[in-house]
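# Descriptive structure summary
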Amino acid sequence: MANIFEVKDLKFKYKTNQENVLKGINFQIKEGEIFGFLGPSGAGKSTTQKIIIKILENYQGNIFYKGKDLKDYKQDFFEDIGVSFEMPIHFSKMTAMENIRFFQNLYKKKADVERLMKRVGLWEDKDKMVAEYSKGMKIRLNIVRALLNSPTMLFLDEPTNGLDPANAKILKDLIREFKVSGGTVFITSHIMADIDQLCDRVAFIVNGEINVVDTPRNLKIKYGERRIKIEYKENNKIVEKLFSMEDLGKNKEFLNTIKEKDIETIHSGETTLEDIFIKVTGVTLDEKQ
Amino acid sequence: MKNNRLIYLIKGELIRLHKYKVTTISIFIAIIWSVLLFFVEGDIFNSLLPVLILVDATTMSFMYIGSVMFFEKKESTMSSMLVTPSKDSELILAKILSNTIHNFLSTALIITVFVILKDVQISYLLIAIAVILVTLYHTSIGLLLSYYQKDFTTMLMSVMLISFALLIPTVLFMLNVLTGDIWEYILLINPIQSANIIITQSFKPITLDWKYYFSLGYLIISGLLIYRFLVLRNFKNYAVSISGV
């Protein structure tokens, strides 16, 4: 897969800060993948996103989009991307459909809004004022807003934050469908479960530096414990046994246990992305800088 | 698409002025002014009408653009606009031009009322030029002011302070505290004074003197410079700061 984005030695400093917020980060986003960008508050996630969607300028380093310097792109860049910000952003005294139509008419390419609105369950409420929408509805409308120009690349900032599990699932399914249709996604989030379920690769950013870029699977294998935990019942008690994964098929005790005992649970020693994040970066995701 | 987008953005701004009740308020204010002036007679009426048009095109322009900008700040909608193919200049011009159209219509309403009811003698062309130019100029200043104010109340305070500061020299000159021809020239640098001249000279009998042409040229040139080097140049920083993302 070719790189759709290539970020090289990216540094950025806000005028009011003395220190760089981004301290020379490097990463690539491959065409057609879902790339997760993880880090605690203040780590530089949003700043990075703002730079690569051309909201923030005056950065140091190089960014290439589809092989061309991002600085050489003019307004046509925005025809190609869709952005969903963390907080719901709409004109509250206009209906959902008025909001969507207003923004859609600013683009050359136009997606099927009816299909999108139905997909996120908002079609019935399309003529309601956005002020009357719940937070969950506004977040779903944000995603429709990001997709209304049929973008090739989608930027999502904390897309499921504030959504109940049912709506979060709708959104995650929509993101997967976008990927299947050939789109590329950049997600910033601190919700590890979502990232784990959605992303092909993830980058960990802390204090303006990227510590790791890899697939969730590789990270779990690398940082997880290679062991199996078995729980079984014996004499009305739960017994727990741990086995190393090395030569598991030749481990007689393990083979006898699964053959003879009344097994209740079997777990591999995979760790969670959150644990890996803490291991790699030394900070928790909620930790403020 | 390019020009269409500007027209489309202007239309969007006008719809939002209506949805956010700014249009209703401006029509309501125009009606109040019309009713009040209806009961004023003679010389007082003749001197009050230009002042009213001046206030509508200057102070009210600040107010309307200020309210639009603070509505957008409150809803953080600017961030969504920043990631569309619209150019900064299109976004700014849409705001300035929609505000000018909106303000022009409310001023036209007042003028129409008095042309019909009090047979006011006025050059329609000159007053249209004056109102459009003065509104464009002061909307740009209002936009610039909104970049540096935290909220609408602070903006109101600033508008009052600036208007007061600009009015002092004019009043002192009228009261003969400031004397001499030199002040007549110096005061023309004051945009409110220039605005006053081009509005007043639109009333019949028309006698356009050098002050009219100077004021017209001054407002056009300084307005373009303010737009290009202050309003447009500082827009992106402002838009990012209020985008809330």
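The following paragraphs examine the structure supplied in this document.

Ranked by size, the top nonpolar core spans 140 residues in total, and within it Phe5 and Phe204 of chain A together with Leu49 of chain B carry the most contacts. No other element matches helix α11 (residues 210-242) of chain B, which puts twelve residues into this core. Ignoring anything within four residues of it in the chain, the contact list for phenylalanine 5 of chain A reads Phe27, Gln28, Ile29, Ile52, Ile63, Phe64, Tyr65, Leu70, Phe77, Met153 and Phe155 of chain A. The next biggest cluster of nonpolar side chains, apart from the first, holds eleven residues, and it includes Val22, Met63, Met155 and Val159 of chain B.

Right, let's get into the layout of surface pockets. Counted as a void, the largest pocket has a volume near 600 Å³. Surrounding the largest pocket, 19 residues form its lining, Tyr14, Lys15 and Leu56 of chain A together with Asn237 and Val240 of chain B being those nearest its centre. The biggest single contributor to the lining of the largest pocket is α11 of chain B, with six residues. Classifying every residue of the lining of the largest pocket gives nine nonpolar, five polar and five charged.

A few words now on the sheet that holds strand β13 (residues 262-268) of chain A. All names here are of chain A. Read across the open sheet, the three strands follow the order β12-β11-β13; overall the sheet is antiparallel. Unpaired on one side and paired on the other, β12 (237-244) and β13 mark the two borders of the sheet. When the angles between neighbouring strand axes are averaged without regard to direction, this sheet yields 20°. Pairing geometry for strand β11 (residues 227-234) and β12, over eight bridges, is antiparallel. In the sheet register, isoleucine 230 faces β12, and the bridge partner there is lysine 241. Its contacts with the sheet put helix α9 (residues 252-260) on β11, β12 and β13, and the angle it makes with β11 is roughly 40°.

Another aspect to go through is empty space enclosed by the protein. This structure, assessed with the given rule, holds four cavities of 30 Å³ or more. Roughly 100 Å³ of volume is contained in the largest cavity. Lining the largest cavity are Phe91 of chain A together with Glu13, Arg16, Leu17, Tyr20, Val22, Val68, Phe71, Glu72 and Glu75 of chain B. Counting only elements with at least two residues in the lining of the largest cavity, the list comes to α1 (2-19) and α4 (59-75) of chain B. For the lining of the largest cavity, the element with the most residues is α4 of chain B, which contributes four residues. Considered class by class, the residues forming the lining of the largest cavity number six nonpolar, no polar and four charged. One number sums up the size of the second largest cavity: a volume of about 50 Å³. Together, Leu9, Glu13, Arg16, Glu72, Met78, Met81, Leu91, Ala94 and Lys95 of chain B line the second largest cavity. Breaking the lining of the second largest cavity down by element, the ones donating at least two residues are α1, α5 (77-82) and α6 (88-118) of chain B.

To continue, consider the interface of chain A and chain B. Every contact between the two is made by 27 residues of chain A and, on the other side, 26 residues of chain B. Here chain A and chain B share an interface that buries about 2700 Å² over both sides, 66% of which is from carbon and sulfur atoms. At the surface where chain A touches chain B, the tally comes to two salt bridges. In this structure, the connection of chain A to chain B is made through 13 residue pairs in polar contact (both at pLDDT 80 or more). Broken down by element, the side of chain A that touches chain B gets its largest block of residues, four residues, from helix α3 (residues 96-104) of chain A. For the side of chain A that touches chain B, the per-class residue count stands at 14 nonpolar, four polar and nine charged.

About the thresholds
Residues numbered from 1 in each chain as written. Chains lettered and ligands numbered in written order. Predicted model: local features only at pLDDT ≥ 70, side-chain atom pairs only at ≥ 80, totals over all residues. Heavy atoms only, no water. Core = buried A, V, L, I, M, F, W, Y, C linked by side-chain atoms within 4.5 Å. Buried < 20%, exposed > 50% of the residue type's maximum accessible area, 1.4 Å probe, protein only. Helix = DSSP H or I, 4+ residues; strand = E, 2+ residues; numbered from the N terminus. Contact = heavy atoms within 4.5 Å. 1 Å grid on protein atoms, 1.4 Å probe; cavity = no way out; pocket = protein on both sides within 12 Å on 5 of 7 lines; lining within 4 Å. Points joined across faces, edges and corners; volume = space filled by probe spheres on them. Nonpolar A, V, L, I, M, F, W, Y, C, P; charged D, E, K, R; others polar. Pairing = 2+ DSSP bridges. Axes fitted to C-alpha atoms, helices over the stretch in contact; angles between N-to-C directions. Buried area = accessible area lost by both parts, 1.4 Å probe. Salt bridge = Lys/Arg side-chain N within 4 Å of Asp/Glu carboxyl O. Polar contact = N/O pair within 3.5 Å; in protein donor to acceptor, adjacent residues only side chain to side chain.

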